[in-house]
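# Observations on the model geometry
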Amino acid sequence: MKPETAIIRIKNLRLRTFIGIKDDEINNQQDVIINVVIHYCADKARDSNNVEDALNYRTITKKIIALIENNRFSLLENLTSQTLAIASEHDWVEFASVEIDKPHALRFADSVSMELCYQKTQ
């Protein structure tokens, strides 16, 4: 990792959405837990106090919330992919990963999760 790289971590963002393919999943919202990691070059932001020089994690989080709360998803893969697209959409993003947990998806497990990653190609 380059010394100018900053890492944003959005931890345990708890939301509710329609996720799944069974009738009860289609008809009832479920909890999901979102974790996002974003790497970006923070050269400008390190020497500045100007918000325009940094990646705005609040804006990213609001977009993720709107996506998840205002849509329905059959597959965890699709939900994770769309969330990753938001996390990695800014030109400054060099790497991003999104992990989404679906608590109580399996009877004897705390949760099932899906993780997808983005890596900028040079």
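Structure report, in brief.

What counts, and at which threshold
- Residues numbered from 1 in each chain as written.
- Predicted model: local features only at pLDDT ≥ 70, side-chain atom pairs only at ≥ 80, totals over all residues.
- Heavy atoms only, no water.
- Helix = DSSP H or I, 4+ residues; strand = E, 2+ residues; numbered from the N terminus.
- Expected span 1.5 Å × (residues − 1).
- Buried < 20%, exposed > 50% of the residue type's maximum accessible area, 1.4 Å probe, protein only.
- Arc of directions from axis to C-beta.
- Contact = heavy atoms within 4.5 Å.
- Pairing = 2+ DSSP bridges.
- Axes fitted to C-alpha atoms, helices over the stretch in contact; angles between N-to-C directions.
- Phe/Tyr/Trp six-rings, centres within 6.5 Å; stacked < 30°, edge-to-face > 60°.
- Salt bridge = Lys/Arg side-chain N within 4 Å of Asp/Glu carboxyl O.

Before going further, it helps to spend a moment on helix α3 (residues 57-69). With 13 residues, α3 should cover 18 Å at 1.5 Å per step; its first-to-last C-alpha distance of 18 Å lies within 8% of that length. Along α3, the residues that are buried comprise Ile60, Thr61, Ile64, Leu67 and Ile68. All buried residues of α3 project into a common sector of 125 degrees when viewed along the axis, lining one side. Exposed residues lying more than 90 degrees from the buried face of α3 are Arg58 and Lys62. Against β1 (5-19), β2 (30-41), β3 (72-73) and α4 (76-87) lie the buried residues of α3.

One full turn of an α-helix is made of 3.6 residues, so residues set three or four places apart face in the same direction. Compared with an ideal rise of 1.5 Å per residue, which puts twelve residues at 16 Å, α4 spans 16 Å between its outermost C-alpha atoms and is within 8% of the ideal. Buried residues of α4: Leu76, Leu79, Thr80, Thr83, Leu84, Ile86 and Ala87, and no others. One side of α4 holds all its buried residues, which, seen down the axis, span an arc of 155 degrees. Looking at the packing, one finds that the buried side of α4 touches β1, β2, α3, β3, β4 (93-103) and β5 (111-119).

A word on the sheet that holds β2. Spatially, β3-β1-β2-β4-β5 is the arrangement adopted by the five strands of the open sheet, whose pairing is mixed. Every interior strand has two partners, whereas the edge strands, β3 and β5, have only one. Across nine bridges, β4 lies against β5 in antiparallel orientation. Bridge pairing in β5 places Lys102 opposite Val112. Against the sheet, α3 makes contact with β1, β2 and β3, and its axis sits at roughly 20 degrees relative to β1, the strand it touches most.

Right, let's talk about the pairing of β1 for a bit. Here β1 runs beside β2; their pairing, made up of eleven bridges, is antiparallel. Its bridge partner being in β2, Leu13 is matched across the sheet by Ile34. Note that β1 and β3 share two bridges and pair parallel. The residue bridging Ile19 from the neighbouring strand is Phe73, located in β3.

Throughout the structure, instances matching the rule amount to one aromatic pair. When the ring of Tyr40 is compared with that of Trp92, the centres are 6.2 Å apart and the planes differ by 10 degrees; the resulting orientation is stacked. Residue Tyr40 is found in strand β2, and its partner Trp92 is found in the loop between α4 and β4; the two are separated by 52 residues along the sequence. Its relative accessible area of 5% is what places Tyr40 among the buried residues.

Scanning the model with the defined rule gives three salt bridges in all. Two residues, Lys102 and Glu25, come together in a salt bridge whose shortest N-O distance is 2.9 Å. Taken together, the positions of Lys102 in strand β4 and Glu25 in helix α1 (residues 23-27) put the pair 77 residues apart, joining distant regions of the chain. Comparing Lys102 with Glu25 shows no difference in burial state: the two are buried. For Lys63, the salt bridge is made with Glu89, and the minimal N-O distance between the two is 2.6 Å. Taken together, the residues span a long stretch of sequence, with Lys63 in helix α3 and Glu89 in the loop between α4 and β4 at a distance of 26 residues.

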